[in-house]
Structures are given as structure tokens and as C-alpha cells.
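# Chain and residue survey
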Amino acid sequence: MNARESMLSRLPKPSQDPPPEPFQLPSGDLSRVQLWSQFHTRFSDLGGTIVTWQTLAGLSDRNWIVEPGLDVGQGGMHVDCDVWNASVGVTRADLAVAETGSLLLNQWPFSRRMASLAPPIHVAVINESSIVPTLDAAIERLERTNAVLVTGPSRTADIEGVLVRGVHGPGELWLIVERD
Amino acid sequence: MNPFDAFVRNLDPATGKSVHDASATKTQQRIDTLSAVFPDPESARSAAARTRQYVLDHLKPLVLSLEEQCHKNGIVVHWARDAKEARSVILGLCRQSCRPGAVIVKAKSMATEEIHLNHALADAGYDVVETDLGEFVVQLDHDTPSHIVTPIIHKNRYQVARLFEENNIGTYTEKPEELTSQARRHLRTQFRRAEVGISGVNFAVAETGRLVLVENEGNSRLSTTAPRVHIAVMGIEKVLPSEADLPLFLRLLAGSATGQRATVYTHFIHGPRKPEALDGPDEVHLVILDNGRLDALAGPYRDILRCIRCGACLNVCPVYRQGSGHAYGHVYSGPLGAVLAPALEGVGLAAIAKASSLCGACEEVCPVKIPIPELLLHLRDQGVREKTIVDPIPWSGFVAVATRAYLWRTSLQAVPMAKLVPNPWSRHRHMPRRDGRDFRRWFRERA
């Protein structure tokens, strides 16, 4: 008997009970403005920063990696294709989650997973309408793709519990909110 | 003396303090976060316990569904009955993908610790690199993790700094920020060269075949994104029925483990890269591991399989705080480990169930309400019956006296003299002061 069959044969026959109802937090009835305000508080507490396109202009001398399809609108910057050497990675974010201050990044065919991961600064671009109140709402909207929920800059507290940002992922997380 | 006590007695004070302080801080952060996140944390814990119990009761259809969905998504599923089989499956996959000498990056995973994977890969000639900061330090120091969430809870910055200096990772510094960036620089080159990435799994969703991994540093994302091949290893019990179950468990895990509302990165892995995608691994493999779990499932300690490895019971445990995880002598430590280790490997390990005061704090903090003290008692009972727990002689003496009324009465008269007998117990404690008459006399004379 191979490993699969032998393991399956040892699993007991289940009852016909239905699974318990999934637990949900109430999503409340906050307006979009209130959701963004809650998001902003959480996002800033985690060390994230909300910026504008103008802020990025100050970094035009750095190596950038930009997700295809995003118009960063700055002439003259060096858009490097080696993601490991980039200082700034710019990608889209699909959802903002007010409850946790998180951003959901789906991997679409045009997405660059490494651009939100390897450079020390990750800039995410999001539509103002793409905000949901809770994790429940965000996970309900997961697509059949790989995805990552990013909640603040990369961090560790492994050495004596001291919080350090930017271990392996970006130490800076910036967000540009675009009006629809 | 049992091995736990022996270990604690020889523990240096700095290590003891690191473990104690970090555990206490994390316990407080857990309380603050969970009470802020949930209007009623108690009902959240009950719901999570119910779902995990449902999973254990319905593992067969859930695991079959997981396998089918993974297959649809392009994830190749492998099965392993024990550690040896798991190592050989993983080694086989590595050999298909790269030659000996190649770099294999590892994200923190208790399942791979459990099967002692690193040794097997190193023996086969691979350059295995742990990439979680704590695990990296442990690997450099030829040490083992002393906590399932924070592996170097027993080390301080000076020890890490000396280790990095000795291994040419960077120059000596006492700043955690600089030590962290030294590790980042060093590990970057490993990530770039790596041909295979190996990780654990926090939750696998039966309904959709999605593998969910949580972390804070980004090493797990890099390990599962940059190399051409990703191998995920999971204990067979780590399934959840549906995606709608995820939010509760993600909140409870992050809150209980590190006092966060959400970990920095939560990956929802759906499959290998699509042909048109710009990056991501070409192959994703899932190794489903038994290694004693199915024995545990059929036995009296099955509730321990509800565990989601948050480590809250370690942080809150007064015994763990005295000794660190190393005192337990097993990959899994703390109250969880004291039950899980013997449940997986047999009652021969039951002696670590003695390393508990049965205070019940572990059950109170457990996000899935595992009755750990009850399981520990059961384990002690079984251990004594099967003679894997041998009580020290003074206890059998106590039993002989305490079960004979006349001996007990006489010996009570002698209690005040006990102060005169030198014993290790009284070195750190005071005998209670006897205040006049004893209870028996008082009871007799009451009328």
C-alpha cells in the first residue's frame, strides 16, 4: 500500500454533520470616508505612509521597478528590470482593509510579485473605491490567483523583542490613493 | 532529578531572564490585541475550537477535497507516513530540480524541524539556509529553536552579535537594527541563488486548495516566490473547511502569537506561476505529513491536534518561563509540546508532562480551547501505569505514609522538625510556620 492509501485508510469515517457556520465580525455601517480614516490610523500605526505622486518625484534618481501597466508619469527615471537591484518597487493594490490597515495584492498575469517584496521601498497604488471594512470582506473577494495581504512594512522582533523594520521585505511601505 | 529540573538548574541567569521577560511581554500584548479585535473573545475561541474539532472529525473528506483542489490548481500533492518518508520525498524533489551544492532556502517551519530535514539535505550535499532571522541565528550557532514562534527567545543581542562576527556576517554591533541589516544583506545573496524554497503551511483550505502562510519578515514570501520550485510541508491536521473560516483563524493566530491584528504578510498560495505571469515558482509541491498524527487522532490526546501553533501557552506558562523550550528536550515545547511530543512519538516521552504545575493558564489562553491540563493529567496517569514515569523515592515514601492513618498522625507531629533536615526544596522557599495546635486536635476540642 502506498503512503496515500495507507494514510487515508487510517482516517476514521466521518459523521454527516454539517460544518459549523464560519465566524464573522460585524462589518458595521461605516461610510467610505470613515473606512479610509480607520484604515489610515491603522496603516500609520504600523509604519505605513500615505503619499502622493509628487513625493515620488524626489526619488527619480533611484533604481525603480514598476509593474507593467502602471504609468508612474515621471520622465527620466531609471526603470531597472533587475528587481534585486531596485530601490523602489511600484505595484497596484487591489483592496484596502480598514479593520487591519492591510493591502491585498493579487497576482494578475501582469503583476510582479517581486516588485512589492525585494526593493527597500514598496509603493502601492490603489483606487479610492477599493476599500472593505473587514478581513472577512477581503477574503470573500479573493480571486483564483496567488495573493498576499500586506499589513505594514516588513518587521521582526526576534532579537530581544526589539521591533526592527525592513528585515527581508520592504522597510518602507507607501500608499498612493487615486480618485476614481 | 527529572531532566527538566536538571536543565533549569544549569541555565545561566541571562538566558532565564531573556525567556521570562519576553514571554511576559507577549502574554500582555496578546490580551490587549484580542480584547481590541473581538467584541467577545470568548465566543471567538469557542467558534475556533468547534471548527478545529469538526476538522479532526472529518479529516478524510477534507483532506481528499484539499488534494483534488490542489491538483486542479497545479499543486502536486505528496504523502508521507513518517519523517523518513517525508525526507526522502523532499530530497527526491530537490534532486529533480537542482544538483548537490545548490542553495535551498527555508522559511521557518515546525513541520520541517520535526522531520529533521536540514540534516538530510545537508548530508545530500545541498547548501540549506534558514532565512527567518531567529532560525538563521539558530542554524549558525548549531543550536535548536527554544520557542515555536520566536526561536531565539533564549538569546540576547550580545550573543547574536558575537555569532555574526565569528561567522563573518558583519562587524560586532549591539544594535538590533544593524544586526538585522547584516542578516538581510547576507541572506539576500542566498535568495538570489536559491533554486528551491521550502516552507511550512499555517492553514490549507479544503474547499479551494489554497495554502495560507503567515509571517512578519518577508523571508517566507521570498522563499516561496523567488526560487523555481516551492515545496510546502504540512501536518495532515492543518486543514480548514472553507475560505470563510480563514478570517477568524488569521485574527486568532496573529493576536495570540505576537499581539498583532494581522501578521505583516499573509500569503494565499493558489498554485504555480501561470505561463504568462512575470514571476513566481514554476512548481509548487505540497507534502502531507502523518508522522504520528494519525496515531494521536485515534488516541486519548486527539484534542491536541486542534493546535494552530500560536505559542500563547508557552508564553503564559510559569514552567516554560523558568526553563525555555530547550528544557523539554523536544522540537515542540511548553504545555503544547508536553502533550504533542508524547502524542506523536509515544508515551515514552510522558515524563515531560511532569513539567507542569497544572495551573491551567495554558487552557485559558488557548485560541482553540485545548484542555491541556486534563491531557497532561491523563498522560501522567498513563506514564505511571506504563512505567515511563518513575516517581522519585521521596514520593513513594510520602504515599506509604499518607495512605496509613496512624503513620500520617505520627508523622504530623514531626513536621516542625522538618526544618532541621537540609533539603533542596527549602533553599528557595520557607516552610509554613506552624501556629499552635493542629487541625485534628482543634476538631476534637471544638465542642
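Residues numbered from 1 in each chain as written. Chains lettered and ligands numbered in written order. Predicted model: local features only at pLDDT ≥ 70, side-chain atom pairs only at ≥ 80, totals over all residues. Heavy atoms only, no water.

### Looking at the packing of helix H3 (residues 41-57) of chain B against helix H12 (residues 246-258) of chain B
All names here are of chain B. How we decide: To obtain an axis, a line is fitted to C-alpha atoms, over the contacting stretch when the element is a helix, and the angle between two such axes runs from 0 to 180 degrees between their N-to-C directions. In this text, helices come from DSSP runs of H or I with a minimum length of four residues, and strands from runs of E with a minimum of two, each type numbered from the N-terminal end. Crossings are assigned a handedness: left-handed for a near helix turned anticlockwise from the far helix by less than a right angle, right-handed for a clockwise turn. Only heavy atoms matter for contacts: two residues are in contact if any of them lie within 4.5 Å across the pair. Gly is put with the polar residues, along with every residue not named as nonpolar or charged; the nonpolar set is Ala, Val, Leu, Ile, Met, Phe, Trp, Tyr, Cys and Pro, and the charged set is Asp, Glu, Lys and Arg.
Two numbers describe how H3 lies on H12: the axes approach to 10 Å, and their chain directions differ by 115 degrees. Handedness of the crossing formed by H3 with H12: left-handed. Residues Ala44, Ala47, Ala48, Thr51 and Arg52 of H3 lie in contact with H12, whose contacting residues are Leu248, Phe249 and Leu252. For the contact of H3 with H12, the per-class residue count stands at six nonpolar, one polar and one charged.

### Regarding the nonpolar core
Using the following cut-off: Take the buried residues of types Ala, Val, Leu, Ile, Met, Phe, Trp, Tyr and Cys, join any two whose side-chain atoms come within 4.5 Å, and each joined set is a nonpolar core. A simple rule labels every residue: compare its accessible area, found with a 1.4 Å probe on the protein chains alone, to the largest value its type can have, and call it buried under 20%, exposed over 50%, or partly exposed in between.
Of all hydrophobic cores here, the largest spans 108 residues; its most connected members are B:Phe268, B:Leu286 and B:Ile288. Setting aside residues up to four positions removed in sequence, B:Ile288 forms contacts with A:Met7, B:Val63, B:Leu66, B:Val77, B:His78, B:Trp79, B:Ala80, B:Met234 and B:Ile236. The next biggest cluster of nonpolar side chains, apart from the first, holds 29 residues, and it includes A:Ile65, A:Val83, A:Ala86 and B:Val138.

### Description of unusual backbone geometry
Residues and elements named next belong to chain B. Here leucine 358, not a glycine, exhibits a phi torsion of approximately 55 degrees, which is positive. Position of leucine 358 relative to the elements: it lies in the loop between helix H16 (334-345) and helix H17 (361-365). Look at lysine 369: it is not a glycine, yet its phi comes out positive at around 50 degrees. Relative to the helices and strands, lysine 369 is located in the loop between H17 and helix H18 (372-385). On the basis of relative accessibility, which here comes to 26%, the residue lysine 369 falls in the partly exposed class.

### Comments concerning the domain arrangement of chain B
Residues and elements named next belong to chain B. Defined as follows: The split into domains, and so the bounds of each, comes from an automatic or database assignment of domains. By convention, the term buried area covers the 1.4 Å-probe accessible surface removed from two parts as they join, with the contributions of both added.
Under the domain assignment, chain B is made up of domain 1 (3-9 + 301-385), domain 2 (60-152 + 185-291) and domain 3 (393-445). Each of domain 1 and domain 2 has a C-alpha centre, and the two are 25 Å apart. Contacts between domain 1 and domain 2 engage 19 residues on the former and 21 residues on the latter. Here domain 1 packs against domain 2, burying approximately 1700 Å² in sum over the two surfaces, 62% of which is carbon and sulfur. Of all residues in domain 1, Ile308, His326 and Val331 give up the largest surface area on contact with domain 2, accounting jointly for 32% of the area buried on that side.

### Quick word on the interface of chain A and chain B
Going by this rule: What makes a salt bridge here is a side-chain nitrogen of Lys or Arg within 4 Å of a carboxyl oxygen of Asp or Glu, nothing more.
Facing the 69 residues of chain A at the interface are 89 residues of chain B. Taking both partners together, chain A and chain B bury about 6700 Å²; carbon and sulfur atoms supply 59% of that area. For the interface between chain A and chain B, the tally reads seven salt bridges. With its nearest N and O atoms 2.5 Å apart, the salt bridge here joins A:Asp136 to B:Arg251. No other element matches helix H1 (residues 3-10) of chain A, which puts six residues into the side of chain A that touches chain B. In the side of chain A that touches chain B, the residues fall into 36 nonpolar, 19 polar and 14 charged.

### Here we look at H3(B)
Using the following cut-off: Given the number of residues in a helix, its expected span is that number minus one, multiplied by 1.5 Å.
Taking 1.5 Å per residue, 17 residues should reach 24 Å; H3(B) reaches 24 Å between its end C-alpha atoms and fits that length. Of the residues making up H3(B), those classed as buried are B:Ala44, B:Arg45, B:Ala47, B:Ala48, B:Ala49, B:Thr51, B:Arg52, B:Gln53, B:Tyr54, B:Val55 and B:Leu56.

### With respect to the sheet that holds strand S6 (residues 102-106) of chain A
Under the convention used in this document: Two strands are counted as paired when DSSP detects at least two bridges linking them.
Strand order across the open sheet formed by eight strands is S8(A)-S5(A)-S6(A)-S9(A)-S9(B)-S6(B)-S5(B)-S8(B), with mixed pairing between neighbours. Of all the strands in the sheet, just strand S8 (131-132) of chain A together with strand S8 (239-240) of chain B have a single pairing partner and so form its edges. Across four bridges, the pairing between strand S9 (residues 147-150) of chain A and strand S9 (residues 265-269) of chain B is antiparallel. Paired with A:Leu149 across the two strands is B:Thr266, which belongs to S9(B).

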